[in-house]
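# Residue-level structural notes
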Amino acid sequence: MKVENSFRRGALDSIPIALAYLAVSFAFGIAGSAKGVPVWAVTLISATCLTSAGQFAGLISITAGGTLIELVLSQVIINLRYSIMSIAIGQKLESRTKLWNRFLMAFGVTDEIFAMACGRKGEIGPKYFYGLMSFSWLAWTLGTFLGATASGLLPQMVMNALGIAIYGMLIAIIIPPSKHNKNIVAVIIVSVCFSLLFHYVKLFSFISSGFSIILCTLIAAGAGAVFFPVKEEDE
Amino acid sequence: MSLWRLFLYIIAMAVTTYLVRMIPLTVFQKKITNRFFRSFLFYVPYAVLAAMVIPAVFSATKSFGSSITGFAAAVILSYREMNIVTVACLSCAAALAAEMISVIL
């Protein structure tokens, strides 16, 4: 099977990710300065963490004066899905990939980069992954800086509407493949049903939204694996 | 909050996030042959992303109406297999249009 290991290809594939990141991190920058965090600190958070939900939660935790342990625990729970993604990416990697490559690549595991890398047919190499990471990271950091600096310049209405960008992107990643595979549709429906259940049924209100995502993933992907096991060539 | 404390919190956040990603990527180096686990990993992206989108997307903008409009636009456009950026931009435009209409009415 062909191994995709071109930095250039990765960089090209990262263009949609980078554009979406620019918009979302811009919003993060604005949220950060609205909470009174200095520009350098908001930018540093984006440059070192590269995670949307985790950063928003971290920002809230930091500015609300939470303890360090609370911050670390909430980060582990919200970001635990990356562990599952990391395993999946590890399976997709060509087997001769060196250990130090894995250490570097780990920094770039995000929902979108993961979706792009695992959406490719066949194996991938580290160079392709670095291509995906580089511009995504650059856009994420730059967007945060610009948002924190330009905070208050954009009309409120436009800022509100930009909030939908990241979801539009995620939807555009999962819907096209599900058109051609009914099993994926079933997995999506199960995940959505449990997600709604955990959010709106009072009995489950103790489940945080980060933890809800983990539970939905385990249940829906687990059900998919039990009822519709995939053959090697489907992957 | 003092600047040092802020710095310490940011570093703690960065290290935690990195370890959560790094440990599984370096520990599971061999190909997993178990069919159940392979199938599980195949379905993970769809399950994760679906749970991330719903119900959070309903409160993605300031109003439920414009969020739903943007969401509907995103679903329709991606069903037509438009590329990711087009879907993201047009769903923002749809949400903005909905907000403007609600202001005018």
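As the structure is a prediction and not an experimental result, all values here were calculated from the model.

Definitions and limits used
Residues numbered from 1 in each chain as written. Chains lettered and ligands numbered in written order. Predicted model: local features only at pLDDT ≥ 70, side-chain atom pairs only at ≥ 80, totals over all residues. Heavy atoms only, no water. Helix = DSSP H or I, 4+ residues; strand = E, 2+ residues; numbered from the N terminus. Contact = heavy atoms within 4.5 Å. Buried area = accessible area lost by both parts, 1.4 Å probe. Salt bridge = Lys/Arg side-chain N within 4 Å of Asp/Glu carboxyl O. Polar contact = N/O pair within 3.5 Å; in protein donor to acceptor, adjacent residues only side chain to side chain. Nonpolar A, V, L, I, M, F, W, Y, C, P; charged D, E, K, R; others polar. pLDDT = per-residue confidence, 0-100. Buried < 20%, exposed > 50% of the residue type's maximum accessible area, 1.4 Å probe, protein only. Axes fitted to C-alpha atoms, helices over the stretch in contact; angles between N-to-C directions. Parallel < 35°, antiparallel > 145°, perpendicular 65-115°, else oblique. Left-handed = near helix turned anticlockwise from the far one by under 90°.

Turning next to the environment of Ser208(A). Mapped onto the fold, Ser208(A) is located in the loop between helix H11 (182–200) and helix H12 (209–227). Separated by ten residues in sequence, Ser208(A) and Phe198(A) have C-alpha atoms that sit 8.7 Å apart.

Moving on: the interface of chain B and chain A. In this complex, chain B contributes 70 residues to the contact, which on the side of chain A involves 101 residues. When chain B packs against chain A, close to 7800 Å² is buried across both sides, 76% of that on carbon and sulfur atoms. Linking chain B with chain A are one salt bridge, by the criterion used here. Between Glu81(B) and Lys179(A) there is a salt bridge; the shortest N-O distance is 3.4 Å. Between the two partners, chain B and chain A, sit 18 residue pairs in polar contact (both at pLDDT 80 or more). Within the residue set of the side of chain B that touches chain A, elements represented by two or more residues are helix H1 (3–27), helix H2 (35–53), helix H3 (64–79) and helix H4 (84–104) of chain B. Along the lines of polarity and charge, the residues of the side of chain B that touches chain A split into 52 nonpolar, ten polar and eight charged.

Low pLDDT marks stretches whose predicted atomic positions should not be read closely. Residue and element names in this part refer to chain B. Of the residues in chain B, 99% have a pLDDT of 70 or more, and the chain-wide mean is 88. When the elements of chain B are averaged for pLDDT, H2 gives the smallest value, 84, and H3 the largest, 94. Confidence metrics for the complex model read pTM 0.69 and ipTM 0.81.

Residue and element names in this part refer to chain A. Counting across every chain of the model gives five salt bridges over all chains. Residue arginine 9 pairs with aspartate 13 through a salt bridge whose shortest N-O separation is 2.8 Å. Note that arginine 9 and aspartate 13 are positioned in helix H1 (residues 7–13) at a spacing of four residues, about one turn of the helix. On the accessibility criterion, aspartate 13 (11% relative accessible area) is buried. The network of salt bridges with shared partners includes Glu4, Arg9, Asp13 and Arg120.

The next point concerns unusual backbone geometry. Geometrically, the link from Ile54(B) to Pro55(B) is a cis peptide bond, its omega value of 5 degrees lying close to zero. Topologically, Pro55(B) is positioned in the loop between H2 and H3.

Below, the discussion takes up the packing of helix H10 (residues 165–179) of chain A against H11(A). Residues and elements named next belong to chain A. Closest axis-to-axis distance for the H10/H11 pair is 7 Å, and the angle between their directions is 135 degrees. Overall, the two elements H10 and H11 adopt an arrangement that is oblique. The interaxial crossing formed by H10 with H11 has left-handed handedness. The segment H10 lies against H11, with Ile174, Pro177 and Ser178 engaging Ile184, Val185 and Ile188. For the contact of H10 with H11, the class distribution of residues is five nonpolar, one polar and no charged.

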